[in-house]
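# A closer look at the structure
The primary structure of each chain is shown beneath.
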Amino acid sequence: MTNLAHSEFRFEDLTLKIHPNVYTPRDDSVLLAMLVKRFAKGRFLDLGCGSGLQGLVALRRPDVSEVVFADRNQYALENVKVNVNELALPMKPVHFLETDLFSSLEGQMFDTICFNPPYLPTNHDEIVDGPIGHAWDGGADGRKFTDPFLKQFSTHLSKTGVLLMTDSSLAKYEKTLSMLRSQGFHPRIHARERFFFEELVAIKAERRK
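What comes next is a walk through the structure. (Residues numbered from 1 in each chain as written. Predicted model: local features only at pLDDT ≥ 70, side-chain atom pairs only at ≥ 80, totals over all residues. Heavy atoms only, no water.)

### Some words on helix α1 (residues 27–39)
For α1, which comprises 13 residues, the first-to-last C-alpha distance of 19 Å matches the rise-based estimate of 18 Å (1.5 Å per residue) to within 8%. Taken as a whole, α1 has its buried residues at Asp28, Ser29, Leu31, Leu32, Ala33, Leu35, Val36 and Phe39. (Helix = DSSP H or I, 4+ residues; strand = E, 2+ residues; numbered from the N terminus. Expected span 1.5 Å × (residues − 1). Buried < 20%, exposed > 50% of the residue type's maximum accessible area, 1.4 Å probe, protein only.)

### Notes on helix α6 (residues 173–182)
It helps to recall that an α-helix has 3.6 residues per turn; residues three or four apart then point in one direction. Among the residues of α6, Tyr173, Thr176, Leu177, Met179 and Leu180 are the ones counted as buried. With its buried residues spanning 165° around the axis, α6 presents them on a single face. Just downstream of α6 lies Gly184, where phi reads positive at about 90°. (Arc of directions from axis to C-beta.)

### Considerations on the side chain of Asn83
Of note, Asn83 is situated in helix α3 (residues 74–86). Engagement of the side chain of Asn83 in a polar contact is seen with the backbone oxygen of Ser51, the distance being 3.1 Å. Residues within four places of Asn83 in sequence aside, it is in contact with Leu16, Lys17, Ser51 and Leu56. (Polar contact = N/O pair within 3.5 Å; in protein donor to acceptor, adjacent residues only side chain to side chain. Contact = heavy atoms within 4.5 Å.)

### Side note on the packing of aromatic side chains
For the structure shown, the criterion picks out seven aromatic pairs. Seen in terms of ring centroids, Phe69 and Phe96 are 5.7 Å apart; in terms of plane orientation they differ by 15°. Their pairing is stacked. In this pair, Phe69 sits in strand β4 (residues 64–71) while Phe96 sits in strand β5 (residues 94–98), placing the two residues 27 residues apart along the sequence. Among the residues examined, Phe69 registers a relative accessible area of 0% and is labelled buried. What makes Phe96 partly exposed here is its relative accessible area of 31%. The side chain of Lys81 reaches across the aromatic face of Phe96, ending 5.4 Å from its centre. (Phe/Tyr/Trp six-rings, centres within 6.5 Å; stacked < 30°, edge-to-face > 60°. Lys NZ or Arg CZ within 6 Å of the ring centre and 35° of its normal.)

Written as structure tokens, this is what we have:
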């Protein structure tokens, strides 16, 4: 990995190293990690993995059999490898994949898909160049990645699989709930955090039976 100073992020007893070109976990990440602790199972996809918090938490779940860390940011994948190697975690198959959403995941199926999309509405003059800027740039309406993700994920989710994701009032999370319902899923908000300018939500969705 490029020789730049790392910062650290602590979630419970896990201390992650964070590369400067990788998104540092924040409130949204913690909300999602709490869902991963409760609901992750089987073959787990940490899509847009960043430093790897969600997949690292998933590795501790007895019901999780395998974790795929996926991101389009090469620094993120290198960062995850550092954290996987340095943390004492249960030995399970782990894979690292460079991909833009599902572009490199054709034919692959998962029992849990976990996604913390960039949801910050960003005007053209607010765009930050480089990989770290991509971590929060949600386009003009904050749904630049969320909508394409929602149109694709179900073809990679097993029949009894679960989707775990975050969203924000800034990106109109009600639209996410509506899109999930229209595709035959039952979405439920399991955690939320309110700020004076925003509400963050963590969503679990499964197919309606």
